[in-house]
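If you want the building blocks of each chain, they are given just below.
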Amino acid sequence: MSLMADNIEKLQQQLTTDCEVCCSHGMLDKFPNALRVSFLVEHVGIIVCHRGNFTIVAGGDTFKVEHGRTIFLNRGEYFHVVDSSADCLYSLLFYRIDTIRDILGNTVMGMKFWDVINPSSCQIVTNDKTADIGNYISLFASLPDDDNDVFIEKERMLLMLSLTYRLCSVFSKMIGSNHSISERQTDIYIRLIELVGKYYDRHRSVAFYADKLCLSPKYLSSIVKSISGLTVQQHVFKAIVRRSILLMNNTDMSIKQISDSFHFPNPSSFGTFFKKHTGMSPRTFRQLNKKTS
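Rules of the game
- Residues numbered from 1 in each chain as written.
- Predicted model: local features only at pLDDT ≥ 70, side-chain atom pairs only at ≥ 80, totals over all residues.
- Heavy atoms only, no water.
- Pairing = 2+ DSSP bridges.
- Helix = DSSP H or I, 4+ residues; strand = E, 2+ residues; numbered from the N terminus.
- Buried < 20%, exposed > 50% of the residue type's maximum accessible area, 1.4 Å probe, protein only.
- Axes fitted to C-alpha atoms, helices over the stretch in contact; angles between N-to-C directions.
- Parallel < 35°, antiparallel > 145°, perpendicular 65-115°, else oblique.
- Contact = heavy atoms within 4.5 Å.
- Nonpolar A, V, L, I, M, F, W, Y, C, P; charged D, E, K, R; others polar.
- Salt bridge = Lys/Arg side-chain N within 4 Å of Asp/Glu carboxyl O.
- Phe/Tyr/Trp six-rings, centres within 6.5 Å; stacked < 30°, edge-to-face > 60°.
- Core = buried A, V, L, I, M, F, W, Y, C linked by side-chain atoms within 4.5 Å.

Draft legend 1. Layout of the sheet that holds strand 5 (residues 61-66). Read from one edge to the other, the open sheet built from four strands follows the order 2-7-4-5, with strand pairing classed as antiparallel. The strands lining the two open edges of the sheet, one partner per strand, are strand 2 (39-40) and strand 5. Inspection of the sheet shows strand 2 paired to strand 7 (residues 78-84) by two bridges, in the antiparallel sense. Considered in strand 7, the bridge of F39 is made with F79.

Draft legend 2. Summary view of the side chain of Q14. Tracing the backbone through its elements, the reader meets Q14 in helix 1 (residues 3-15). When its relative accessible area of 10% is taken as the criterion, Q14 is described as buried.

Draft legend 3. Geometry of the packing of helix 6 (residues 183-199) against helix 8 (residues 217-228). Two elements in contact, helix 6 and helix 8, have axes whose closest approach is 10 Å; the angle formed by their N-to-C orientations is 95°. In this view, helix 6 runs roughly perpendicular relative to helix 8, as classed from their interaxial angle. In contact with R184, Q185, T186, I188, Y189 and L192 of helix 6, helix 8 contributes Y219, L220, I223, V224, I227 and S228. Residue classes in the contact of helix 6 with helix 8 are distributed as eight nonpolar, three polar and one charged.

Draft legend 4. Layout of the packing of helix 9 (residues 232-250) against helix 11 (residues 267-278). Relative to each other, helix 9 and helix 11 sit at 105°, their axes nearing to 11 Å. The angle between the axes of helix 9 and helix 11 places the two elements in the roughly perpendicular class. Within the contact between the two elements, helix 9 uses F237, I240, V241, S244, I245 and M248 and helix 11 uses F270, F273, F274, H277 and T278. Across the contact of helix 9 with helix 11, the residue classes break down as eight nonpolar, three polar and no charged.

Draft legend 5. View of the sheet that holds strand 6 (residues 69-73). An order of 1-8-3-6-9 is seen for the five strands of this open sheet, with the pairing classed as antiparallel. The open sheet is flanked by strand 1 (21-23) and strand 9 (122-126), the only strands paired with a single partner. Averaged over all adjacent pairs, the angle separating strand axes in this sheet is 15°, with direction ignored. Here strand 3 (residues 44-51) runs beside strand 8 (residues 89-95); their pairing, made up of seven bridges, is antiparallel. Looking at strand 8, one finds that I47 is bridged to L92. This element, helix 1, spans strand 1 and strand 8 of the sheet and lies at about 155° to strand 1.

Draft legend 6. Summary view of the pattern of salt bridges. Under the definition given, this model contains four salt bridges. As a salt-bridge pair, D201 and R202 come within 3.0 Å of each other at their nearest N and O atoms. Of the residues examined, R202 reaches a relative accessible area of 41% and is grouped as partly exposed.

Draft legend 7. Inspection of the packing of aromatic side chains at higher detail. The final tally for this structure, using the stated rule, is 14 aromatic pairs. Judged by centre distance (5.1 Å) and plane angle (65°), the ring pair of F31 and F54 falls under edge-to-face. Of this pair, F31 sits in the loop between strand 1 and strand 2 while F54 sits in strand 4 (residues 53-58), and the two are 23 residues apart along the sequence. With a centroid separation of 5.9 Å and 45° between ring planes, the pair formed by F270 and F274 is classed as tilted. Residue F270 and its partner F274 are located together in helix 11, separated by four residues, close to a single helical turn.

Draft legend 8. A look at the pairing of strand 4. With six bridges connecting them, strand 4 and strand 5 associate as antiparallel partners. Across the sheet, A58 pairs through a bridge with D61, a residue of strand 5. Of the pairings in the sheet, the one linking strand 4 to strand 7 comprises five bridges and is antiparallel in character. Paired with I56 across the two strands is V81, which belongs to strand 7.

Draft legend 9. Geometry of the nonpolar core. Judged by nonpolar contacts, the single largest core of 36 residues is most densely connected at L192, Y200, Y209, L220, I240 and F262. Taken together, the elements giving at least two residues each to this core come down to helix 6, helix 7 (206-212), helix 8, helix 9, helix 10 (255-261) and helix 11. Beyond its immediate sequence surroundings of up to four residues, I240 is in contact with Y200, R204, F262, F264 and F273. Judged by nonpolar contacts, the second largest core, of 26 residues, contains L15, A34, V81 and C122.

Written out as structure tokens, the structure reads:
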């Protein structure tokens, strides 16, 4: 097996084993199978096109990324690679911002990081605006795969923090920062996210979360929309979809058991919900992802 083929296989393993950081080791000429089917972006997703071009589908739209451009994929979105040119060379980095959320702090920029970068399913920029992204990818790739070494773990976290601030700076200059959001509104948004994480499997109404926060549903909805661009229900639905995929990929639970765990009236109702948000039925999704794992 060639070095490049070995690195593609290494990336495939990272993408299918829930790694905190997934990165290409050097430039790659083919995309791993995990990205050829509907893939949930749970990370900050960055793919740099160094040569040729590739085409992806994200959020139901098709995007062609050509030489000299970088695509940023929105967290919580599904995408898959549909084509790439024979001469395509790319590098990739996905990392979880959740692990550094506490370090970023409860700032508007910290909580709005991904919305500042990417209000839509993805965004394509020229590489000159993010010229140092390749250096970060190389630094991540150079770290040894030793989760038991506390120093390597801290170094990885500092790299994530540094890159996050760098991206915040780049994108805030490109599209401007929203200074109209108060600390109180940000605090409400943070508390909502915590509540969604606790109750999403049972409660989906805006009224429930508004009551928990002692706010009117209309006021809560306006805050959440202004900060994230999403509705309260969309936050809940994204949490359900993420958890559904985790259960389908990592457990032997039946579709009915997964449906019951989220209190859907029946598996058919859950299947309709899942297909609406991912573009495929739970059964099809599970079958496709078994083939790529």
